[in-house]
2 protein chains.
Amino acid sequence: MKYCFGVDIGGTTVKMGLFSTEGELYEKWEIKTHTENEGKQVLPDIAASVRAKMEEKGISAEETAGVGVGVPAPVSEGIVKNSANIGWGYKNVKKEMEELLPGIRAEIGNDANVAALGEMWLGAGKGCSNMIMVTLGTGVGGGVICQGHVIAGANGAGGEIGHICVNYSETEKCGCGKTGCLEQYASATGIARLAKLRLAKLHGKTLLEGKNLSAKSVFDAVKKDDRVAIEIAEEFGAYLGHALANMAVIVDPEMIVIGGGVSNAGPALLPFIEKPFQEKAFFANKDTKIVLATLGNDAGICGAARLII
Amino acid sequence: MKYCFGVDIGGTTVKMGLFSTEGELYEKWEIKTHTENEGKQVLPDIAASVRAKMEEKGISAEETAGVGVGVPAPVSEGIVKNSANIGWGYKNVKKEMEELLPGIRAEIGNDANVAALGEMWLGAGKGCSNMIMVTLGTGVGGGVICQGHVIAGANGAGGEIGHICVNYSETEKCGCGKTGCLEQYASATGIARLAKLRLAKLHGKTLLEGKNLSAKSVFDAVKKDDRVAIEIAEEFGAYLGHALANMAVIVDPEMIVIGGGVSNAGPALLPFIEKPFQEKAFFANKDTKIVLATLGNDAGICGAARLII
């Protein structure tokens, strides 16, 4: 047994965890992300925090298998080309991290891919080596794991699930510049958009109110059997379920894990995704389980630590 | 350097090749596929042919790294559950093959996945470790390679590219029982179908004739600037190019290789696929190259041999 650190860099905080290589989480904590000056301080701050924790616990470099870091950007061979959220341009994160922590190995991954790895290691996907994770948050992110490894892709842009085109007649643009991306229908923002569009042409009763529309308000109303909210959830579910069926035919996963803020709606969410998935699933993929993520915000640190193993 | 054998089992013939582990193809030959009696003879016939070649060339079991076999069925850990084309039900192909050839390792893969591996090893994808191969034949098959490994999936059904749904309003059924599968528009059969549908409602001149419609006749007419044929090719290309853009966003390949009978149309085929691909490609995937396969019918034996390495 050795120790390892999992680090999840976000735009406002850096989440950190101390683990055993066997998957025990001993302690977690956060530090601020100093994005000023092109994020120059981010890695030195992380290194200082790792060193402080090692000292506090009396852990030597020899007892440390490494530090895994999740970054909100495509990552290829430890290198980030651009991460707007933290202020970074081109940065060899692996190299800099290893220079800051002599004698300790660093491994770097994209945050959404890393979260998928976390769920596989210690969460909903435990024991599973072929898995898709979809994170339904402000945007739609994800990670695809095949035979235990994340598909990082040629440019570190593997698993960009949110930008699968699911509607070729969409006219409104996605943040990425394309139209009809899954993110426009299945993110928290996308669900609120679907709700707004439906309310605008509605002639009936609903618990939903035009000014407070959110993914949460939609699924709260679904749980009270609100017909309009159910229709919105069905629309969301059709886009997501069909997209997942198309992904499954490519990577043939054992399991699809749904995480992110939208998944806080709980088990009520799943039938809306499962029904359209089954409608469009290839026969070989019919047994793919669709489940909720279980690690919440810890998926990132868990998966980052898993990069080391 | 060692020797290895690549075996590609088809419904009528078994293609076989003798390779060096460095990728030199010394010799290739074919034997008949005896599908009668539930294909009982297929593996013994292959083993006999391998042994005969080893004797002929004076190759010992110690000099042989192994025998790779491509099978027209999903394969998981060397096991085939059902292969209608060869008459097999459940069969542990790896185990039986190794029993038939004592001291020689066998590795088994799905034929379309194996063809992708062949193009990566010795064909259009040489030097590339993230690649999608699409085979446009009677059906549409394919293989997805990430970090040098085929994505076989949890049930051996990875890379079933032909059954991505690309048209949610299709009413005609695909062979798989679903509707709107890529195979219905981008296989040789699918292109002929598109041509037939278009000719049925046509009021204009074309070189195409209702009774001899095929993917070949369509692309022959395209090369003669036939307007109707060009429209059919554009329709085919839009379905395929958009599907490839959606696949690229998941696996982020360096290269997409187009093979199978339809690819015999040559370089004239590519712009019809590239334009819609670029229209719908995520920014990180814009540089993905789309190229023609170069190994033709040898892709199967090459990839099967590559399974050993």
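Residues numbered from 1 in each chain as written. Chains lettered and ligands numbered in written order. Predicted model: local features only at pLDDT ≥ 70, side-chain atom pairs only at ≥ 80, totals over all residues. Heavy atoms only, no water.

- As recorded by an unreviewed UniProt entry, chain A carries the name Glucokinase and is attributed to Faecalicatena fissicatena.
- Annotation of chain A in UniProt includes, under Sequence similarities (unreviewed entry), the sentence "Belongs to the ROK (NagC/XylR) family." (UniProt positions renumbered as here; feature names shortened; annotations may be inferred.)

1. Let's talk about the packing of aromatic side chains
Residue and element names in this part refer to chain A.
In step 1: According to the stated counting rule, one finds 14 aromatic pairs over all chains in the structure shown.
In step 2: Plain terms: the ring middles of F5 and W29 are 6.5 Å apart, the flat faces sit at 85 degrees to each other, and that makes the pair edge-to-face. Of this pair, F5 sits in strand 1 (residues 3-9) while W29 sits in strand 3 (residues 25-32), and the two are 24 residues apart along the sequence.
In step 3: Overall, the relative accessible area of 1% leaves F5 in the buried class.
In step 4: For W29, a relative accessible area of 16% translates into the label buried.
In step 5: Ring pairs connect the aromatic residues F219, F236 and F272, which therefore count as one cluster.
In step 6: It is K53 that lies over the ring of W29; its NZ or CZ is 4.4 Å from the centre. (Phe/Tyr/Trp six-rings, centres within 6.5 Å; stacked < 30°, edge-to-face > 60°. Helix = DSSP H or I, 4+ residues; strand = E, 2+ residues; numbered from the N terminus. Buried < 20%, exposed > 50% of the residue type's maximum accessible area, 1.4 Å probe, protein only. Lys NZ or Arg CZ within 6 Å of the ring centre and 35° of its normal.)

2. Some details on the interface of chain A and chain B
In step 1: Counting residues at the interface gives 35 residues for chain A and 35 residues for chain B.
In step 2: For the side of chain A that touches chain B, the secondary-structure elements that each account for two or more residues are strand 10 (140-146) and helix 8 (227-251) of chain A.
In step 3: Looking at the side of chain A that touches chain B element by element, the count peaks at six residues for helix 8 of chain A.
In step 4: Taken together, the residues that form the side of chain A that touches chain B break down as 19 nonpolar, eleven polar and five charged. (Contact = heavy atoms within 4.5 Å. Nonpolar A, V, L, I, M, F, W, Y, C, P; charged D, E, K, R; others polar.)

3. Considering the sheet that holds strand 12 (residues 255-259) of chain A
Residues and elements named next belong to chain A.
In step 1: Taken in spatial order, the five strands line up as 11-10-9-12-13 in an open sheet, and their pairing is mixed. Each edge of the open sheet is held by one strand with a lone partner, namely strand 11 (149-150) and strand 13 (289-292).
In step 2: Across five bridges, the pairing between strand 9 (residues 131-136) and strand 12 is parallel. Across the sheet, T135 pairs through a bridge with G259, a residue of strand 12.
In step 3: Contacts between helix 9 (residues 270-280) and the sheet are confined to strand 12 and strand 13, with strand 13 contributing the most and set at about 160 degrees to the helix. (Pairing = 2+ DSSP bridges. Axes fitted to C-alpha atoms, helices over the stretch in contact; angles between N-to-C directions.)

4. Here we look at the relation of the copies chain A and chain B
In this structure, two copies of a chain are linked by a rotation about an axis accompanied by a shift along it.
In step 1: For the pair chain A and chain B, the relating rotation is 180 degrees, the translation along its axis is 0.0 Å, and the fit reaches an RMSD of 0.0 Å. Both copies of the chain, as the preceding transformation shows, are related through a two-fold rotation axis. Considering only C-alpha atoms, the part of chain A nearest the rotation axis is M247(A), at 3.9 Å.
In step 2: Mapped onto chain B, 100% of the interface residues of chain A are again interface residues, and the two copies thus contact each other with one and the same surface. (Least-squares fit on C-alpha atoms with pLDDT ≥ 70 in both.)

5. Some points on the sheet that holds strand 7 (residues 91-92) of chain B
Note on sheets: strands pair through backbone hydrogen bonds, and any given pair is parallel or antiparallel.
Residues and elements named next belong to chain B.
In step 1: Overall, antiparallel pairing links the three strands, which are arranged 5-6-7 in an open sheet. Edge positions in the sheet fall to strand 5 (75-76) and strand 7, since each has one partner strand and no second.
In step 2: Pairing analysis gives two bridges linking strand 5 to strand 6 (residues 79-80), with the strands arranged antiparallel. Within strand 6, the position partnered with V75 by the bridge is V80.

6. Observations regarding the domain arrangement of chain A
It is common to give the size of an interface as the accessible area that goes away when the parts come together.
Residues and elements named next belong to chain A.
In step 1: Domain annotation for chain A reports domain 1 (3-118) and domain 2 (127-293).
In step 2: Each of domain 1 and domain 2 has a C-alpha centre, and these two points are 29 Å apart.
In step 3: Between domain 1 and domain 2, the residue contacts involve eight residues of the former and 15 residues of the latter.
In step 4: Roughly 830 Å² of surface becomes buried between domain 1 and domain 2 when both sides are summed, with 56% attributable to carbon and sulfur atoms.
In step 5: At the boundary of domain 1 with domain 2, the tally comes to zero salt bridges.
In step 6: The interface formed by domain 1 and domain 2 contains zero residue pairs in polar contact (both at pLDDT 80 or more). (Domains from an automatic or database assignment. Buried area = accessible area lost by both parts, 1.4 Å probe. Salt bridge = Lys/Arg side-chain N within 4 Å of Asp/Glu carboxyl O. Polar contact = N/O pair within 3.5 Å; in protein donor to acceptor, adjacent residues only side chain to side chain.)

7. Describing helix 2 (residues 42-57) of chain B
Residues and elements named next belong to chain B.
In step 1: For helix 2, with 16 residues, the first-to-last C-alpha span of 23 Å sits near the 22 Å given by 1.5 Å per residue.
In step 2: Taken together, the buried positions of helix 2 are V42, L43, I46, A47, S49, V50, K53 and M54. In a view along the axis of helix 2, the buried residues occupy a sector of 165 degrees, so they form one face of it. Among the exposed residues of helix 2, those oriented more than 90 degrees off its buried face are E55 and E56.
In step 3: Trailing helix 2 by a residue or two, G58 shows a phi angle of about 65 degrees, which is positive. (Expected span 1.5 Å × (residues − 1). Arc of directions from axis to C-beta.)

8. Focus: the nonpolar core
In step 1: The biggest cluster of nonpolar side chains holds 108 residues, and the ones touching the most others in it are I258(A) and I258(B).
In step 2: Apart from the residues lying within four places of it in its own chain, the contact partners of I258(A) are V134(A), L136(A), L244(A), S263(A), L269(A), L270(A), I273(A), I290(A), V291(A), L292(A) and A293(A). (Core = buried A, V, L, I, M, F, W, Y, C linked by side-chain atoms within 4.5 Å.)

9. Remarks on the pairing of strand 2 (residues 13-20) of chain A
Residue and element names in this part refer to chain A.
In step 1: Burial analysis of strand 2 places six of its eight residues in the buried class, the great majority of the element.
In step 2: Of the strand pairs in this sheet, strand 1 and strand 2 are connected by seven bridges, and their pairing is antiparallel. Opposite D8, over in strand 2, you have K15 as the bridge partner.
In step 3: Hairpin geometry of strand 1 and strand 2 is characterised by an intervening segment of three residues between the two adjacent antiparallel strands.
In step 4: The pairing of strand 2 with strand 3 spans seven bridges and is antiparallel. Bridge assignment links L18 to a residue of strand 3, and that residue is E27.
In step 5: The antiparallel hairpin formed by strand 2 and strand 3 contains four residues in its connecting segment, where G23 sits at a positive phi of about 105 degrees.

10. Thoughts on the packing of helix 7 (residues 215-223) of chain A against helix 8 of chain A
Residue and element names in this part refer to chain A.
In step 1: Packing of helix 7 against helix 8 leaves a shortest axis separation of 8 Å and a crossing angle of 120 degrees. Relative to helix 8, the element helix 7 is oriented oblique. Here the hand of the crossing between helix 7 and helix 8 comes out left-handed. Contacts between helix 7 and helix 8 pair V218, F219, A221 and V222 from the former with A229, I230, I232, A233 and F236 from the latter.
In step 2: Residue composition of the contact of helix 7 with helix 8, by class: nine nonpolar, no polar and no charged. (Parallel < 35°, antiparallel > 145°, perpendicular 65-115°, else oblique. Left-handed = near helix turned anticlockwise from the far one by under 90°.)

11. Describing helix 4 (residues 111-122) of chain B
Residues and elements named next belong to chain B.
In step 1: The end-to-end C-alpha separation of helix 4 is 16 Å, in line with the 16 Å expected for twelve residues at 1.5 Å each.
In step 2: With eleven of its twelve residues buried, helix 4 lies for the most part within the structure.
In step 3: Listed in full, the buried residues belonging to helix 4 are A112, N113, V114, A115, A116, L117, G118, E119, M120, W121 and L122.
In step 4: By the N-cap criterion, in which a side-chain oxygen at the helix start approaches the backbone nitrogen of a residue two or three places on, helix 4 is capped by N110, the distance to A112 being 3.0 Å.

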